[in-house]
Amino acid sequence: IEPDVPFISGNGAAIVDPDGNRVLHQKLLPVDDARRFFSFCARIGLDYCALGPEGGFFSRDGRCIDRFTNYNKIAAAAGVEEIPLRSFDDDHENALRSPIHKVLLYRLDEKERTGVEEFLRDFRGLAYTFSSATLMEVLALGVDKGYGVRELARITGFKKEEICVFGDYINDIPMFGEAGLSFAMANACEEARNATDGLTASNDRDGVALALEKYILR
């Protein structure tokens, strides 16, 4: 089922209206910072991609693109629009000419993670979070899911007490404080579980539906 109301995309970087696929608000990666960061990723051989409203750009010979190729297969079968997928040019300029909401670094080991975190300390325009233990998301400074919830509330006119959110990992924590009610899934990491108002069933056991039925639709 495709959404018919505005939704948050890019870990909070964009608010999109599916009616005409219009971007209602977005905060993009600074181009110069993105260029420097891409060069670093290529130099040390990371598996990385850039995502934005025009699709995704991927490092050659990486496996990150496999996730999106599989998504496109599911989307095509459901009649949903697929995400355009392209490889980076050698100098990344094809991606840098497009708006970028975030960069994903895929399957980082501990040494790679430490190296990237140290490199990012020199940037004033970039921030980062993790959506799994090995998946880093690099965004414009100030962007997180809490930022996305605030912007969506501003656009739609919803008050904090009218907002309910669900999450399972540390990148979800910033949005918990922007909602009147927040839940962690049963499969959530400990940090997320400790930051919410309550717990619900896991994502593969209808946890969202169960919480909505119990607390929202009663």
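Before reading on, note that the structure itself is shown above.
Parameters at a glance
Position numbers for residues start from 1 in each chain and track the written sequence from start to end. In keeping with the predicted nature of the model, local features appear solely for residues at pLDDT of at least 70, side-chain atom pairs appear and are counted solely at 80 or more, and the whole-chain, interface and lining totals rest on all residues. Water and hydrogen atoms play no part in the side-chain values, which are based on all heavy atoms of the structure. What counts as a helix is a DSSP run of H or I of at least four residues, what counts as a strand is a run of E of at least two, and both are numbered from the N terminus. Each residue is assigned to one of three classes by its accessible area relative to the maximum for its type, calculated with a 1.4 Å probe on protein chains only: buried under 20%, partly exposed between the two thresholds, exposed over 50%. Pairing between strands is defined by DSSP: at least two bridges between them are needed. Residues are treated as being in contact if the distance between any of their heavy atoms lies within 4.5 Å. Each axis is a line fitted through C-alpha atoms, and for a helix only the stretch in contact is used; angles between axes span 0 to 180 degrees, taken between their N-to-C directions. Take the number of residues in a helix, subtract one, and multiply by 1.5 Å to get its expected span. A 3.5 Å cut-off defines polar contacts: any pair of N or O atoms within that distance qualifies, except that in protein one atom must be a possible hydrogen donor and the other a possible acceptor, and neighbouring residues in sequence count only when both atoms are side-chain atoms. We define a salt bridge as a contact between a side-chain nitrogen of Lys or Arg and a carboxyl oxygen of Asp or Glu at a distance within 4 Å. Pairs of cysteine sulfur atoms within 2.5 Å are identified as disulfides in what follows. Residues scored as charged are limited to Lys and Arg (positive) and Asp and Glu (negative), so that His and the chain ends carry no count.

Asks: Tell me about unusual backbone geometry, and please be specific about residues and values.
Replies: Residue N11 is not a glycine yet carries a positive backbone phi of 60°. Note on placement: N11 falls in the loop between strand 1 (7-9) and strand 2 (14-17). Residue N11 is classed as buried on the basis of its relative accessible area, which comes to 7%. One non-glycine residue, D61, lies in the positive phi region at around 65°. Using a relative accessible area of 84% as the deciding quantity, one classes D61 as exposed.

Asks: Talk me through the sheet that holds strand 10 (residues 164-167); I want residue IDs and the actual numbers.
Replies: As summarised here, the arrangement of the three strands in space is 10-11-12, forming an open sheet in which the pairing is parallel. What marks the edges here is a single partner per strand, and that holds for strand 10 and strand 12 (198-199). Sheet analysis places strand 11 (residues 181-184) next to strand 12, joined by two bridges and oriented parallel. Directly across from F183, in strand 12, lies its bridge partner G198. Along the sheet face, helix 8 (residues 207-216) touches strand 10 and strand 11 and points at about 150° away from the line of strand 10.

Asks: Account for helix 5 (residues 145-156), naming residues and giving values.
Replies: Given a rise of 1.5 Å per residue, 12 residues ought to cover 16 Å, and the 16 Å separating the end C-alpha atoms of helix 5 matches this to within 8%. Burial in helix 5 covers these residues: G146, Y147, G148, V149, E151, L152 and A153. Residues of helix 5 that are buried make contact with strand 1, strand 2, strand 3 (22-26), strand 10 and helix 6 (173-176). The N-cap of helix 5, judged by a side-chain oxygen 2.9 Å from the amide nitrogen of G146 a few residues on, is D144. Phi turns positive one or two residues past the end of helix 5, at G157, with a value near 85°.

Asks: Go over the pattern of salt bridges, please, and point to the residues and values.
Replies: Pairing is possible between side chains that carry opposite charge, provided their charged atoms lie close to one another. Counted according to the given criterion, the structure contains nine salt bridges. Among the ionic pairs, R35 bridges to D32, the shortest N-O distance being 3.2 Å. With R35 and D32 both in helix 1 (residues 31-43), this residue pair falls three residues apart, about one helical turn. Since its relative accessible area comes to 31%, R35 is described here as partly exposed. For the salt bridge of R60 with D90, the shortest nitrogen-to-oxygen distance reads 3.0 Å. Placement of R60 in the loop between strand 5 (55-58) and helix 2 (64-78) and of D90 in the loop between strand 6 (85-87) and helix 3 (93-96) is noted, with a sequence separation of 30 residues between them.

Asks: So what's going on with the environment of L120? Which residues, and what values?
Replies: Along the chain, L120 falls in helix 4 (residues 110-120). Along the sequence, L120 and F37 sit 83 residues apart, while their C-alpha atoms lie 8.2 Å from each other. Ignoring anything within four residues of it in the chain, the contact list for L120 reads F37, L126, Y128, M136 and V138.

Asks: Describe the state of the cysteines, naming the residues involved and giving the relevant values.
Replies: Counted according to the given criterion, the structure contains zero disulfides. Of all cysteine sulfurs, the one in C64 lies closest to C49, which takes part in no disulfide; the gap is 3.7 Å. On the basis of relative accessibility, which here comes to 0%, the residue C49 falls in the buried class. Classification of C64 by relative accessible area gives buried; the value is 0%.

Asks: I'd like to hear about the side chain of D47, residue by residue, with values.
Replies: Considering the arrangement of structural elements, one finds D47 in strand 4 (residues 47-52). R63 provides the closest opposite charge to the buried, salt-bridge-free D47, at an N-O distance of 6.3 Å. Within the local environment of D47, its side chain forms a polar contact with the side chain of S59, the two groups lying 3.4 Å apart. Within the local environment of D47, its side chain forms a polar contact with the backbone nitrogen of R63, the two atoms lying 2.6 Å apart. The residues contacting D47, other than those within four sequence positions of it, are S59, G62, R63, C64, L104, L105 and Y106.

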